[in-house]
Amino acid sequence: MADGSSPPGVPAVADGPAHRPPFPVGWFAVADAAAVPEGALVPLAAFGQDLAVGRTPSGGALVVHATCPHLGADLAAGGRIDDDRVVCPLHEWCFSHGGACTSAADGPVPDGVELRVWPTEVAGGAVWAFHGRSGEQPPGPPPAAPAGGSQVEVAGHPEDVLVGVLVGLGAGDAAGDGDAWSSRLADGDVVRVHGPGTVEAGGRRAFVTPVDGFTVAVRATSVADPEWRAEPDRSVLPGFRDWYRRFDRSSAPARRPARSGRRGRERNRG
Ligand code: FES
């Protein structure tokens, strides 16, 4: 179904979709804001890509693809960031915070050269990046939950790791409502999942971020469960898993691939 829910009477999750995208669509806490330098880009591994993250002098942050679209220099190895541009360390081409090339050293600014920039926010002490299609804008801000704390890496799909966290907390199953899911714990607290990677329960929080197709980073403030693990059994919390289907796909249309040649350039401009 269009909203990712199961058709009435059909136990979709027990059978499971044949393929789950490894990187759900939504906001993820990718770094502690205090650990990210201002004015410099440093390496960041998330969403199966080599990324670079840096703080701007005005207190914001940028998450960009680490490979310069000119000749492929690593922007996380000497790339600079200031209030209105990102500067490549190799030939000093400059890009706006939206990714457009604004300066190509001594030459003319080329058409169609763009640095991929992920929608990025600083909130609750964390740098958040929105994973979606290239150019897709998030439908709202990241969860307003203070992030930070210790970090571990867990093998598994983000959904299975979240289910492991919820099982560790003693959460019962429930259906979700919009982009939030909640259930009551045995101790009376309510556990809430916001978007594809944030769990909150009575002041305890955990943040799940896909690193690559096999590994998930879990940042936890005070969800004290040292046995972080993924729960791959698809029959555990089937209501949660049905709700999580909504993050499997982007609602933004796919971009047309750029074409070379004169007709392609005309089409790209259109
Ligand atoms: S490789 Fe980045 S400016 Fe040349």
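Residues numbered from 1 in each chain as written. Predicted model: local features only at pLDDT ≥ 70, side-chain atom pairs only at ≥ 80, totals over all residues.

Draft legend 1. Structural view of the nonpolar core. Judged by nonpolar contacts, the single largest core of 61 residues is most densely connected at Val30, Val53, Val63, Val127 and Leu166. Element by element, the count of residues in this core is highest for helix H2 (residues 158–169), at six residues. Structurally, this core is a two-domain feature, drawing no fewer than three residues from each of domain 1 (26–131) and domain 2 (145–247). Filtering out sequence-adjacent residues up to four positions away, Val30 remains in contact with Leu44, Ala46, Val53, Val63, Val127, Trp128, Ala129 and Thr209. (Core = buried A, V, L, I, M, F, W, Y, C linked by C-beta atoms within 7 Å. Buried ≥ 20, exposed ≤ 12 C-beta atoms within 10 Å, placed from the backbone. Helix = DSSP H or I, 4+ residues; strand = E, 2+ residues; numbered from the N terminus. Domains from an automatic or database assignment. Contact = placed C-beta atoms within 7 Å.)

Draft legend 2. The sheet that holds strand E8 (residues 101–103), seen in detail. Judged by pairing direction, the sheet is antiparallel, and its four strands sit side by side in the order E5-E6-E7-E8 without closing on themselves. Two strands lie at the open edges of the sheet, namely strand E5 (80–81) and E8, each paired on one side alone. Across two bridges, strand E7 (residues 94–95) lies against E8 in antiparallel orientation. Looking at the pairing, Phe95 lines up with Cys101 of E8. (Pairing = 2+ DSSP bridges.)

Draft legend 3. Just the sheet that holds strand E17 (residues 215–220), in detail. Across the sheet, six strands lie side by side as E12-E17-E16-E15-E14-E13; this open sheet has antiparallel pairing. The open sheet is flanked by strand E12 (150–155) and strand E13 (180–184), the only strands paired with a single partner. Sheet twist, expressed as the average angle between the axes of neighbouring strands with direction ignored, equals 20 degrees. (Axes fitted to C-alpha atoms, helices over the stretch in contact; angles between N-to-C directions.)

Draft legend 4. Region of the structure containing the environment of Arg246. Within the secondary structure, Arg246 is located in the loop between helix H3 (238–244) and helix H4 (261–269). Overall, Arg246 belongs to the buried group, with 21 C-beta atoms counted inside 10 Å. Between the alpha carbons of Arg246 and Pro196 there is a distance of 8.9 Å; along the sequence they are 50 residues apart.

Draft legend 5. Spotlight on H2. For H2, with 12 residues, the first-to-last C-alpha span of 17 Å sits near the 16 Å given by 1.5 Å per residue. With 10 of 12 residues buried, H2 lies mostly within the body of the structure. Those residues of H2 that fall on the buried side of the exposure criterion are Pro158, Glu159, Asp160, Val161, Leu162, Val163, Gly164, Val165, Leu166 and Leu169. Elements that come into contact with the buried residues of H2 comprise E12, strand E14 (190–194), strand E15 (198–201), strand E16 (204–210), E17 and H3. Positive phi appears at Gly170, one or two residues downstream of H2, with a value of about 85 degrees. (Expected span 1.5 Å × (residues − 1).)

Keep in mind that these numbers describe shape and distance, not what the molecule does.
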